[in-house]
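# What the coordinates show
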Amino acid sequence: MSRQSFLPFAARRLGHALVVILLAYSFTFLIISVLPGDPVSNMLLDPENGFTEEEIAPIIAHYGLDRPVLEQWWRAISRFALGDLGISLRASRPVSAMLLEALPSTLVLAGTAMLVALLLALAIAYASQSLPRRWGQGVARVLPALSLSVPSFVIGLVLIQVFAFQLGLFRITDPNGAAATVFAALALGIPVSAQIAEVLIANLDHEAGQEYFAVARARGLRLSQLFARHQLRPSALPVVTMIAVSIGELLGGSLITETIFGRKGVGSLVQSAVVTQDFPVLQSLVSLAAVVFVLVNLAADLLYPLLDPRLRRRAAAGRPA
């Protein structure tokens, strides 16, 4: 795809992504801030929460809770676009600062888990094509279904019991250490690797049945060359789709995994916000999750034409990819 044809395609996809982010934030704003009952005002005015009139007045003024709904929405959208996510009702700190403190730990865990998932999926997929057909390939093809049947928190508890308590390979008192991060990423990445492996195996089997693959095998290429050149690359597009979809699962699963392994990240921030009914923090976290999910899918959309020549021609013609 030429630069002239790719830029309009990318601009259209970026416009779609911005619209989705706007709608997602507006929906979150509607649910949390506008529906009858206004949970923020209710919490502030509840005598049991201990807010004084001097504390309530600036909060209501900051969020415009005494203004019309459209003005509240416009203020919220404007602040969100500038990176102002409001003030925590409990911590009396900017929500953006709290997120910046919690986000690195979660990103490290999610990134490591995605790397683990990709490596495990590639290993299982390669085993399904290279091992002896009767036993090796059968076992490799059963592993994804087995991994999907076990929740990530169960895997995490087993890893802690075996590798922390019995073998002493990492310490639960140091949850952010390298070893603890790897085992937490294993607990989070194994179920995700199963999803990617299932899609990859199905597409590898499809490519193995094509005529060009039989011709490549007749040329005497090694199995690793056949796998890398003639199976893996044509199967990459569905894998990219699964990776984009799995990002949301990694972010959601990291909340539970962080709790199990005692990590201080977005998971602990969500838990604290739910327990204390800190609605500005909850709204910001939901909106952030929507933004991450949309941006990841946007990246996948932009990557599709670079992987598949047919999509490059469709994108250049302005047709849906």
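Residues numbered from 1 in each chain as written. Predicted model: local features only at pLDDT ≥ 70, side-chain atom pairs only at ≥ 80, totals over all residues. Heavy atoms only, no water.

Naming follows an unreviewed UniProt entry, where the protein chain appears as ABC transporter permease of Teichococcus deserti. A UniProt comment under Subcellular location (unreviewed entry) is attached to the protein chain, and it reads "Cell membrane". (UniProt positions renumbered as here; feature names shortened; annotations may be inferred.)

So, about the packing of helix α11 (residues 236–261) against helix α12 (residues 266–276). Helices that pack against each other are described as a pair by the angle of their axes relative to one another and the distance between those axes. Here α11 crosses α12 at 95°, and the two axes come no closer than 7 Å. Relative to α12, α11 is oriented roughly perpendicular. Across the interface between the two elements, Leu255, Glu258 and Thr259 of α11 pack against Val266, Gly267, Ser268, Val270 and Gln271 of α12. Of the residues belonging to the contact of α11 with α12, the class tally is 3 nonpolar, 4 polar and 1 charged. (Axes fitted to C-alpha atoms, helices over the stretch in contact; angles between N-to-C directions. Helix = DSSP H or I, 4+ residues; strand = E, 2+ residues; numbered from the N terminus. Parallel < 35°, antiparallel > 145°, perpendicular 65-115°, else oblique. Contact = heavy atoms within 4.5 Å. Nonpolar A, V, L, I, M, F, W, Y, C, P; charged D, E, K, R; others polar.)

In this section: the layout of surface pockets. The space that makes up the largest pocket amounts to roughly 520 Å³. Residue lining of the largest pocket: 27 residues in total, with Leu103, Leu251, Leu288, Ala289 and Val292 positioned closest to the centre. Looking at the lining of the largest pocket, the elements that each hand over two or more residues are α5 (95–130), α11, α12 and α13 (279–307). Broken down by element, the residue count for the lining of the largest pocket peaks at 9 residues, all from α5. Considering only residue class, the lining of the largest pocket consists of 20 nonpolar, 7 polar and no charged. (1 Å grid on protein atoms, 1.4 Å probe; cavity = no way out; pocket = protein on both sides within 12 Å on 5 of 7 lines; lining within 4 Å. Points joined across faces, edges and corners; volume = space filled by probe spheres on them.)

With the rule as written, the count across this model stands at 3 salt bridges. Of the charged contacts in the structure, one is a salt bridge between Arg93 and Glu101, with a shortest N-O distance of 2.6 Å. For Arg93, a relative accessible area of 31% corresponds to the partly exposed category. Exposure remark for Glu101: the relative accessible area of 54% places this residue in the exposed category. With a closest N to O distance of 2.7 Å, Arg141 and Asp205 form a salt bridge. Of this pair, Arg141 sits in helix α6 (residues 136–148) while Asp205 sits in helix α8 (residues 178–208), and the two are 64 residues apart along the sequence. We classify Arg141 as partly exposed; its relative accessible area is 32%. (Salt bridge = Lys/Arg side-chain N within 4 Å of Asp/Glu carboxyl O. Buried < 20%, exposed > 50% of the residue type's maximum accessible area, 1.4 Å probe, protein only.)

In this structure, Phe170, Ile196, Leu250 and Phe261 are the most contacted members of the largest nonpolar core, which totals 31 residues. It is α8 that contributes the most residues to this core, 12 residues altogether. Residues within four places of Ile196 in sequence aside, it is in contact with Leu118, Ala121, Val239, Met242, Ile243 and Ser246. Ranked by size, the runner-up nonpolar core spans 12 residues in total, among them Met98, Ala273, Phe279 and Leu285. (Core = buried A, V, L, I, M, F, W, Y, C linked by side-chain atoms within 4.5 Å.)

Attention now moves to the environment of Ile77. Among the secondary structure elements, Ile77 is positioned in helix α4 (residues 69–81). The spacing of Ile77 and Leu22 is 55 residues in sequence and 8.0 Å in space, taken between C-alpha atoms. Contacts of Ile77, omitting those with residues within four sequence positions, involve Leu22, Tyr25 and Ser26.

Relative to the helices and strands, Glu258 is located in helix α11. With no salt bridge to any partner, buried Glu258 finds its closest opposite charge in Arg263, at an N-O distance of 5.0 Å. Within the structure, the side chain of Glu258 is placed 2.6 Å from the backbone nitrogen of Gly267, a separation counted as a polar contact. When near neighbours in sequence (up to four residues on either side) are disregarded, Glu258 contacts Ser105, Thr106, Leu109, Arg263, Gly265, Val266, Gly267 and Ser268. (Lys, Arg positive; Asp, Glu negative; His and termini not counted. Polar contact = N/O pair within 3.5 Å; in protein donor to acceptor, adjacent residues only side chain to side chain.)

It is worth spelling out helix α7 (residues 152–166) at this point. The first and last C-alpha atoms of α7 sit 20 Å apart over 15 residues, in line with the 21 Å expected at 1.5 Å per residue. Among the residues of α7, those classed as buried are Ser152, Ile155, Gly156, Leu159, Ile160 and Ala164. (Expected span 1.5 Å × (residues − 1).)

To continue, consider a nonpolar patch on the surface. A contiguous nonpolar patch, built from Phe153, Val154, Leu157, Val158 and Ile256 and spanning about 410 Å² of accessible area, is present on the exposed surface. The greatest single-element share of the nonpolar patch, amounting to 4 residues, is contributed by α7. On the secondary structure map, Ile256 appears in helix α11. With a relative accessible area of 44%, Ile256 lands in the partly exposed category. (Patch = residues over 30% accessible without salt bridge, like charges linked within 9 Å, V, L, I, M, F, W, Y side chains within 5 Å. Areas by Shrake-Rupley, 256 points an atom, 1.4 Å probe, with all protein chains shown as cover.)

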